[in-house]
Amino acid sequence: MLSELEIQAVIGFTGKITQGLILHPDNEHIIYPLGSTIVVRHIISRAQTFLRGHDNQISVITVSRSGDYVASGQRTYMGFQADIIIWDFKERSMIHRLKLHKVLIQSLSFSYNELYLASLGGIDDKNMLIVWDIKAGKALYGTPNRDPVNQVQFYNQSDEKMIAVLNTGVQILTIDKQNKKIQSVDVSFGNVKRTFTCVAIDKNDKYCYCGTKTGDVFEIQMDMAIYKRLAPVKKLFSQGVNCLGLLPNGDIIVGAGDGMIAKVSFQTMQIVASSELLGGVTSITFTNDYTHFFTGTVQSNIYWLDTERLIPELRNTCHYERINDVAFPHNYSDVFATSSLNDIRVWNAKNRQELLRIQVPNLECWAVAFMNDGKSIVSGWSDGKIRAFLPQSGRLMYVINDAHIHGCTSLTCTSDCQRIISGGSEGEVRVWEIGKQTQVMKSSMKEHRGRVWSIQVRRNNEQAVSASADGSCIIWDLKSFTRVMCLFESTLFKMVLYHPEESQLLTTGSDRKITYWETFDGQAIRMLDGSEEGEVNALAITKEGEHFVSGGEDKEVKLWGYDEGICYFKGQGHSGSITRITISPDQKSIISVGAEGAIFIWKMPESVINSKAQQELPTVQSVKKSNEIQQQSQQQSQQAPKDSQSQKSNPVAKSVKSGTKSSKK
């Protein structure tokens, strides 16, 4: 049985989930999903705890009125069951795992007294609505629906009534306990037709408000099941209404698909205040006194706003698209950089705050690296240019135009900071000499026929190795710019690494194998099964070369013993394939980045750190032994007779004795 890798921290927030950001009723924690993990973060101290139990991407999350329970649902593959998990918030533990729905959980809602949980399946589950007994963890009532249902929500004062938001209308549902059925009443909209998206119910259960894709909000009188008014009066919300929130005075907070957050007056149904945010608004969650609220957006930003003027304050930000690369500066573990669509971001590794964002619109950054002197961040982009930026201000230092035809896919720097070796999507490997004012191409080596995924340089800067999708790894001589050796395998190579001793290479690719190679003759020494499911995309090795880390399409981070070839630890949390992995220079943490935009910081296991310490122990013991020998020799020299034979037999004592003599003189 493999041991679990401990998550130290995460950077990320799945902003595309409707109402995925929740402020806990204790007003101290915010809860949000990240991949297949639920993050519980303390607002002030920023301490994180994690709820882990799902094996695929979380699709919905909700919290009970008292805050004792958290419920989460996931999506899974076609034909498989999708799990619902009910968590104990105080204990941070799982209470029940509920299995009936297939493929997707669309919506979840706790009842008023926390007796029941309503769950809604997706289209592949026939839009099945199931009501569960929370204490027993059993299904009580269930009913399918012909039309797609987007949301279900219990009344605020009743355990037996719910509202279901369909694509084509709204239904008021009542639990019939005697007949064990769920009765439904359709809300009358007359001739008005809309596609409905979300609902918010007032605290007295008199009115509810439903948002639409058209961009308006319907007010519905719930006891009569008829709609009363439409808002806003003049201008519709662009790209539809994603989420709604209600204030105690009846005013409506509306989150729109174009990033607008607006307050609509209950009396006039007109917009009173509004603000523009980055990304479509998907979550609104109020504090207990309703003076402020958090909101989450599609671009994974979390804002803090006041309910009066709606002035936004950015509280948290992260990548919202695939992350392609991650890099640490040379021998510095407090900062690291990640590259994604449109931007490079520099992060503080200790408090997980974003320090710098370098944006290049409409382009994708495929590779990023720090120069060893720390004076520049070098990056490769999808337009074929290599760009270098200042690490503190993010100002552009220089651009190498047309470095590669269809994008620069990988790059690395030499330790003397004078050359950059880059790889392109067409298979060319190019060496650039970097001067104070000029960037000159020294050589273009074209032997690969596919995309160059990875490049590594030896410590003496005389050789480099490149891994390509054409099934070859080539070792290059950086003095004569010729091929030294070529390694062939029937795979798309994704990553190549030098062992710290530089006598062996480590490669991985689409065949799911991790292969050891001899650099002397290019022979494969050992092949390991890196994964049972998908291809392996990323490798990283420790400074001592005793352990290495792998990750890929199976969404698992695995820690291996290098000599044994055995996987000892496994970490689960990503919901997308892992694209890159690196180990911090102080060897205390592992950083993995994924296709879903998440950054996971894993704690290096104590056994691995201890094994490194034990390797250093013999040298310490040998020093202690030598000190003991010196002390013994000093004692012997003081007690030794003056005959020459004893002095000849103990040269250490002789040298010590002569030293004491000279000091006396």
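As shown above, the structure is provided for reference.
Residues numbered from 1 in each chain as written. Predicted model: local features only at pLDDT ≥ 70, side-chain atom pairs only at ≥ 80, totals over all residues. Heavy atoms only, no water.

Asks: Could you clarify how one ought to interpret the overall build of the protein in this entry?
Replies: The helix and strand tally for the protein stands at 3 helices and 55 strands. With respect to the principal axes defined by its C-alpha atoms, the protein has extents near 115 × 65 × 50 Å. The buried share among the 665 residues of the protein stands at 56%. Residue pairs in contact within the protein that sit at least 24 positions apart in sequence constitute 42% of those at least 6 positions apart. When the accessible surface of the protein is split by element, carbon and sulfur atoms take 46% of a total near 30000 Å². If you average the places of the 72 positive and of the 70 negative side-chain charges in the protein, the two averages end up 4 Å apart. (Helix = DSSP H or I, 4+ residues; strand = E, 2+ residues; numbered from the N terminus. Buried < 20%, exposed > 50% of the residue type's maximum accessible area, 1.4 Å probe, protein only. Contact = heavy atoms within 4.5 Å. Areas by Shrake-Rupley, 256 points an atom, 1.4 Å probe, with all protein chains shown as cover. Lys, Arg positive; Asp, Glu negative; His and termini not counted. Charge placed at Lys NZ, Arg CZ, Asp CG, Glu CD.)

Asks: Please explain empty space enclosed by the protein as it appears in this structure.
Replies: Summary: where empty space remains is shown by rolling a probe the size of a single water molecule over the atoms. Within the structure shown, the criterion is met by 1 cavity of 30 Å³ or more. Counted as a void, the largest cavity has a volume near 90 Å³. What lines the largest cavity is a set of 13 residues, among which Val10, Arg41, Arg46, Gln48 and Asn316 lie closest to the centre. Classifying every residue of the lining of the largest cavity gives 5 nonpolar, 5 polar and 3 charged. (1 Å grid on protein atoms, 1.4 Å probe; cavity = no way out; pocket = protein on both sides within 12 Å on 5 of 7 lines; lining within 4 Å. Points joined across faces, edges and corners; volume = space filled by probe spheres on them. Nonpolar A, V, L, I, M, F, W, Y, C, P; charged D, E, K, R; others polar.)

Asks: Can you walk me through the sheet that holds strand 16 (residues 161-166) in this structure?
Replies: Taken in spatial order, the 4 strands of this open sheet run 15-16-17-18, and their pairing is antiparallel. Each edge of the open sheet carries a strand with a single partner, namely strand 15 (149-154) and strand 18 (181-186). Pairs of neighbouring strands in the sheet enclose a mean axial angle of 25°, with direction left out of account. Where strand 15 meets strand 16, 5 bridges bridge the pair, whose relative direction is antiparallel. Each residue of the ladder has a partner; that of Val152, found in strand 16, is Ala164. (Pairing = 2+ DSSP bridges. Axes fitted to C-alpha atoms, helices over the stretch in contact; angles between N-to-C directions.)

Asks: Looking at this structure, I do not really get the sheet that holds strand 14 (residues 138-143). What am I missing?
Replies: Note: strands within a sheet are paired through backbone hydrogen bonds, in either parallel or antiparallel orientation. Taken together, the 4 strands give an open sheet; going across it, the order is 11-12-13-14, and neighbouring strands pair in antiparallel fashion. Taken across any chain shown, the strands that pair with only one partner, and hence form the sheet edges, are strand 11 (105-110) and strand 14. Averaged over all pairs of adjacent strands, the angle between their axes in this sheet comes to 20°, without regard to strand direction. In the sheet, strand 13 (residues 129-133) pairs with strand 14 via 5 bridges, with the strands oriented antiparallel. Paired with Leu129 across the two strands is Thr143, which belongs to strand 14.

Asks: Explain the nonpolar core to me, please; I cannot follow it from the model alone.
Replies: Taken as a class, soluble globular proteins show a tendency for nonpolar side chains to be buried jointly. Of all hydrophobic cores here, the largest spans 42 residues; its most connected members are Phe336, Ile581 and Ile599. Excluding residues within four positions of it along the chain, Ile581 makes contact with Val326, Ala538, Leu539, Ala540, Val549, Ser550, Gly551, Val557, Ile590, Ile591 and Ser592. Core analysis: the next-biggest nonpolar cluster, separate from the first, contains 17 residues, Leu246, Ile252, Met260 and Ala262 among them. (Core = buried A, V, L, I, M, F, W, Y, C linked by side-chain atoms within 4.5 Å.)

Asks: Looking at this structure, I do not really get unusual backbone geometry. What am I missing?
Replies: Among all residues save glycine, negative phi is the norm, and among peptide bonds the norm is trans. Looking along the chain, the bond that leaves Ala231 and enters Pro232 is cis, with omega of -10°. Within the fold, Pro232 resides in the loop between strand 22 (226-231) and strand 23 (241-246). Backbone geometry places Lys180, a non-glycine residue, at a positive phi of 55°. Within the chain, Asn461 stands out as a residue other than glycine whose phi angle is a positive 65°. Positionally, Asn461 belongs in the loop between strand 41 (452-457) and strand 42 (463-468).

Asks: Which parts of the structure should I look at to understand the state of the cysteines?
Replies: Scanning the model with the defined rule gives 0 disulfides in all. You can see Cys198 has no disulfide; the closest cysteine sulfur is in Cys243, sitting 6.6 Å from it. (Disulfide = S-S within 2.5 Å.)

Asks: Teacher, can you tell me more about the environment of Arg419 here?
Replies: Take Arg419: it is sitting in strand 38 (residues 419-424). For Arg419 and Val440, which are 21 residues apart along the polypeptide, the C-alpha to C-alpha distance reads 9.4 Å. Residues contacting Arg419, with those up to four places away along its chain left out, are Thr412, Cys413, Thr414, Val431, Trp432, Glu433, Asn461, Leu478 and Phe481. At 3.5 Å, the side chain of Arg419 forms a polar contact with the backbone oxygen of Asn461. (Polar contact = N/O pair within 3.5 Å; in protein donor to acceptor, adjacent residues only side chain to side chain.)

Asks: I'm lost on the layout of surface pockets in this one. Help?
Replies: Quantified by volume, the second largest pocket comes out at close to 1400 Å³. Forming the walls of the second largest pocket are 46 residues, and the residues nearest its centre are His330, Thr412, Gln456, Leu497 and Thr582. When the residues that make up the lining of the second largest pocket are grouped by side-chain class, the tally is 24 nonpolar, 16 polar and 6 charged.

Asks: What am I meant to see in the pattern of salt bridges here?
Replies: Per the counting criterion, the structure on display carries 21 salt bridges. For Arg345, the salt bridge is made with Glu354, and the minimal N-O distance between the two is 3.1 Å. Residue Arg345 is classed as buried on the basis of its relative accessible area, which comes to 2%. The closest approach of N and O atoms between Lys494 and Glu535, which form a salt bridge, is 2.3 Å. One end of the pair, Lys494, is in strand 45 (residues 493-498); the other, Glu535, is in the loop between strand 48 (524-529) and strand 49 (536-541), and 41 residues separate them in sequence. Three or more residues are tied together by salt bridges with common partners; here these are Asp343, Arg345, Glu354 and Arg357. (Salt bridge = Lys/Arg side-chain N within 4 Å of Asp/Glu carboxyl O.)

Asks: Quick question: what am I supposed to make of the pairing of strand 27 (residues 281-286) here?
Replies: Side-chain positions along a regular strand alternate between the two faces of the sheet. Strand 27 sits mainly inside the fold: 6 of its 6 residues count as buried. Here strand 27 pairs with strand 28 (residues 292-297) via 5 bridges, running antiparallel. Along strand 28, the bridge assignment pairs Thr285 with Phe294. Between strand 27 and strand 28, which pair antiparallel in sequence order, lie 5 residues; one of them, Tyr290, sits at a positive phi of approximately 60°.

Asks: Can you walk me through the pairing of strand 26 (residues 271-276) in this structure?
Replies: In terms of strand pairing, strand 25 (residues 260-264) meets strand 26 through 5 bridges, oriented antiparallel. Counterpart to Val264 in the pairing with strand 26 is Ile271. Counting the residues in the hairpin turn of strand 25 and strand 26 gives 6 residues, including Met269, whose phi is positive at 60°.

Asks: I'm lost on the packing of aromatic side chains in this one. Help?
Replies: Aromatic ring pairs are described here by two measures, namely the spacing of the ring centres and the angle between the planes. All told, the structure shown has 16 aromatic pairs when counted by the stated rule. With a centroid separation of 6.4 Å and an interplanar angle of 80°, the aromatic rings of Tyr516 and Phe548 are classed as edge-to-face. Within this pair, whereas Tyr516 is found in strand 47 (residues 513-518), its partner Phe548 is found in strand 50 (residues 547-552), the two being separated by 32 residues in sequence. Assigned by exposure class, Tyr516 and Phe548 land together as buried. Grouped by ring-pair contacts, the aromatic residues Phe189, Phe196, Phe218 and Tyr227 constitute a single cluster. A cation sits over an aromatic face here: Arg526 above Tyr516, 5.2 Å from the ring centre. (Phe/Tyr/Trp six-rings, centres within 6.5 Å; stacked < 30°, edge-to-face > 60°. Lys NZ or Arg CZ within 6 Å of the ring centre and 35° of its normal.)

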